[in-house]
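# Close look at the chain arrangement
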Amino acid sequence: ARLVVLASGGGSNLAALLAAHEDEAYGARVVGVVSDRPDAGALDLARDAGVTSVAVSPADFADRAAWDQGITEAVEVFRPDWVVLAGFMRILSPDFLARFPGRVVNTHPALLPAFPGAHGVRDALAYGVKMTGCTVHVVDDGVDTGPIIAQAAVPVLDDDEESALHERIKVAERSLLVETVGRVAREGLRVEGRRAAIG
Ligand code: GRF
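Bear in mind the structure is a predicted one, so any value in this text is a computation, not a measurement.

## Regarding helix α3 (residues 64-76)
Taking 1.5 Å as the rise per residue, α3 with 13 residues should run 18 Å; its terminal C-alpha atoms sit 18 Å apart, in good agreement. Here α3 has its buried residues at Trp67, Asp68, Gly70, Ile71, Thr72, Ala74 and Val75.

## Here we look at the UniProt feature "binding site: (6R)-10-formyltetrahydrofolate" (unreviewed entry) in the chain
Feature annotation in UniProt assigns "binding site: (6R)-10-formyltetrahydrofolate" (unreviewed entry) to the following positions: Arg64, Met89, Arg90, Ile91, Leu92 and Asn106. The annotated residues named above include Met89, Arg90, Ile91, Leu92 and Asn106 as those lining the largest pocket. Structurally, Met89 can be placed in the loop between β4 (82-85) and α4 (94-99). Residues within four places of Met89 in sequence aside, it is in contact with Ser8 and Ala118. Examined against the element boundaries, Leu92 turns out to sit in the loop between β4 and α4. Given a relative accessible area of 8%, Leu92 falls into the buried group. Ignoring any residue separated from it by four or fewer positions in sequence, one finds Leu92 in contact with Leu6, Asp68, Ile71, Leu85 and Leu97.

## Some details on the confidence of the model for the chain
Residue-level pLDDT values for the chain average 98, and 100% of them are 70 or greater. The ipTM for the predicted assembly is 0.96, set against a pTM of 0.97.

Conventions we followed
Here the residue numbering is sequential within each chain, running from 1 through the sequence in written order. pLDDT decides what is reported in this predicted model: residues at 70 or higher carry local features, side-chain atom pairs at 80 or more are listed and counted, and totals for whole chains, interfaces and linings draw on all residues regardless. Only hydrogens and water are set aside; all other atoms, that is, all heavy atoms of the structure, feed into the side-chain values. Each helix corresponds to a stretch of at least 4 residues labelled H or I by DSSP, and each strand to a stretch of at least 2 residues labelled E; elements are numbered beginning at the N terminus. The span one expects for a helix is its residue count, reduced by one, times 1.5 Å. Whether a residue is buried, partly exposed or exposed follows from its accessible area with a 1.4 Å probe, protein chains only, as a fraction of its type maximum: under 20%, in between, or over 50%, in that order. UniProt positions are given in the numbering used here, feature names are shortened, and annotations may be inferred rather than shown by experiment. Using protein atoms alone on a 1 Å grid, points that fit a 1.4 Å probe yet trap it form a cavity, whereas open point sets bounded by protein on both sides within 12 Å along at least five of seven lines form a pocket; residues with an atom within 4 Å of a point count as lining. We call two residues in contact whenever any of their non-hydrogen atoms come within 4.5 Å of each other. The predictor's confidence in any single residue is recorded as pLDDT, a number from 0 to 100.

In C-alpha cells form, the structure reads like this:
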C-alpha cells in the first residue's frame with residue numbers, strides 16, 4: 001500500500017514508519033512526505049530516506065482555501081492508499097477529506113475522547129489523570145473525533161512535566177502507529193458508525 005505522511009514537526013513518528021517500511025513484509029511504503037512547514041525536520045528525514053517530500057506553506061498561498069487546494073493536490077500526486085497525519089498541526093478541510101474518504105488516519109497523544117486538540121499532553125497533565133496514552137483514529141470533519149482504530153495506555157508519573165510525559169507517550173505512540181498502519185494497510189479497515197475494526 002502507498003502511504004503519504006503529513007508532518008509539521010521533527011517527525012519521530014515518520015522516522016518509525018520509514019524504518020518499518022524497509023521490510024517488504026510490512027506491506028506499505030511511504031511514497032511521499034508533505035509538510036506545511038518548509039523547515040520541518042520531517043522533510044529532512046524524508047530526504048535522507050530517499051522519499052519525495054514537499055512543503056506546502058500557507059505563506060505561499062493567497063488564503064486558507066488556496067492552501068487547502070494546494071495541499072490536496074500535493075497529496076493527490078502521490079496516489080496514496082492511506083494518508084497518515086503524524087504530528088500534523090493543521091485542520092484539513094472537508095474537501096481534502098472527501099478526496100480520500102475514510103483513508104486519512106491520525107495519531108493523537110491522548111486517550112480520545114479525552115483531551116482532544118493541540119495540547120492533549122498538557123491538558124491531561126493539568127487535569128491530574130494517572131493514565132493517559134495515545135490514539136490512532138480515522139480523521140473525520142471534527143477535531144480528533146473520528147472512529148478510533150487503536151489505543152495504548154501510558155502512565156502519568158507524579159513528577160511529570162509536559163515534555164517528559166510527551167516523550168514517554170511518543171515511545172508508545174510510535175510503535176502503536178507503526179503496528180496499526182501496517183495492519184490496516186495489509187488487512188484493511190471496516191468502519192460501522194463509530195466502530196472501526198481492522199480486517
Ligand atoms: C506526536 O506526539 C503527535 O501525536 C503530536 O505531535 C507529536 C509529533 O511528534 N500531534 P513527531 O513530530 O512525530 O516527533
